Amino acid sequence: MAEGIEHVELKFRIYDGTDISHGSYASSTTVTALKQKLVSEWPQGKSVVPKTVNDMKLIHLGKVLENNKTLSECGVRDGAFAGGVITMHVVIQPAIAKIKSAKKQDETGKLNTCGCTIL
């Protein structure tokens, strides 16, 4: 590690409780770069597999991290917790699920409309 570059120790917990990609990351690493690494190293044989970085969300301290921000901009600091390893949660939401939820919202909007007919 070069001096002056802050690193954070991270691991990522997926939906079934498995931890993946444990390692040291530069605080200047973007959330998108982390997601790309997770997609490429995703464990084989899992029932839910992200196809792109847009299929996943990283959650740290209850906040969804934005793709274009770095770890330091998101407030991820090394040594903030006992043991020095920070666990981020990975939530997978494939594009199909997003389309279905948008479709349901459209249908809900149609159901909530009313009309009157006066005879």
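These lines cover the structure that appears in this document, whether it is placed above or below.

**A short note on the overall build of the protein chain**
Assigned secondary structure in the protein chain consists of two helices and five strands. In sequence order, the secondary structure elements of the protein chain are arranged as β-β-α-β-β-β-α. Within the protein chain, the fraction of its 119 residues that count as buried is 27%. In the protein chain, the proportion of contacts linking residues at least 24 apart, taken out of those at least 6 apart, comes to 55%. Carbon and sulfur atoms make up 54% of the accessible area of the protein chain, which totals about 8,000 Å².

**Structural notes on the pairing of strand 2 (residues 19-26)**
Inspection of the sheet shows strand 1 (residues 7-13) paired to strand 2 by six bridges, in the antiparallel sense. Within strand 2, the residue paired with Val 8 across the bridge is Tyr 25. Following strand 1, the chain reverses through five residues before pairing antiparallel with strand 2; Gly 17 in that reversal takes a positive phi of roughly 95 degrees.

**Regarding the pattern of salt bridges**
Inspection of the entire model under this criterion finds five salt bridges. With a closest N to O distance of 2.5 Å, Asp 16 and Lys 46 form a salt bridge. Taken as a pair, Asp 16 in the loop between strand 1 and strand 2 and Lys 46 in the loop between helix 1 (31-40) and strand 3 (56-60) lie far apart in primary sequence, 30 residues in all. The salt bridge involving Lys 37 is made with Glu 41; its shortest N-O contact spans 2.8 Å. Since its relative accessible area comes to 31%, Lys 37 is described here as partly exposed. Under the relative-accessibility criterion, Glu 41 is labelled partly exposed at 38%. By sharing partners, the salt bridges in this structure join Lys 11, Arg 13 and Asp 19 into a single network.

**What to know about the nonpolar core**
Note that soluble globular proteins tend to have their nonpolar side chains buried in a common cluster. Of all hydrophobic cores here, the largest spans 19 residues; its most connected members are Leu 10, Phe 12, Leu 58, Leu 71, Met 88 and Val 90. Top element by residues in this core is strand 5 (residues 85-92). It accounts for four residues. When sequence neighbours within four positions are dropped, the list of residues in contact with Leu 71 reads Val 8, Leu 10, Tyr 25, Ala 26, Ser 27, Thr 29, Leu 34, Val 76 and Met 88.

**Description of the sheet that holds strand 1**
With mixed pairing, five strands are arranged side by side in an open sheet as 2-1-5-3-4. Each of the sheet's edge strands pairs with one partner strand only, and the pair in question is strand 2 and strand 4 (63-64). The pairing of strand 3 with strand 4 spans two bridges and is classified as antiparallel. The residue of strand 4 that forms the bridge with His 60 is Lys 63. With respect to the sheet, helix 1 is in contact with strand 1, strand 2, strand 3 and strand 5, its orientation differing from that of strand 3 by roughly 120 degrees.

The rules behind the values
- Residues numbered from 1 in each chain as written.
- Predicted model: local features only at pLDDT ≥ 70, side-chain atom pairs only at ≥ 80, totals over all residues.
- Heavy atoms only, no water.
- Helix = DSSP H or I, 4+ residues; strand = E, 2+ residues; numbered from the N terminus.
- Buried < 20%, exposed > 50% of the residue type's maximum accessible area, 1.4 Å probe, protein only.
- Contact = heavy atoms within 4.5 Å.
- Areas by Shrake-Rupley, 256 points an atom, 1.4 Å probe, with all protein chains shown as cover.
- Pairing = 2+ DSSP bridges.
- Salt bridge = Lys/Arg side-chain N within 4 Å of Asp/Glu carboxyl O.
- Core = buried A, V, L, I, M, F, W, Y, C linked by side-chain atoms within 4.5 Å.
- Axes fitted to C-alpha atoms, helices over the stretch in contact; angles between N-to-C directions.

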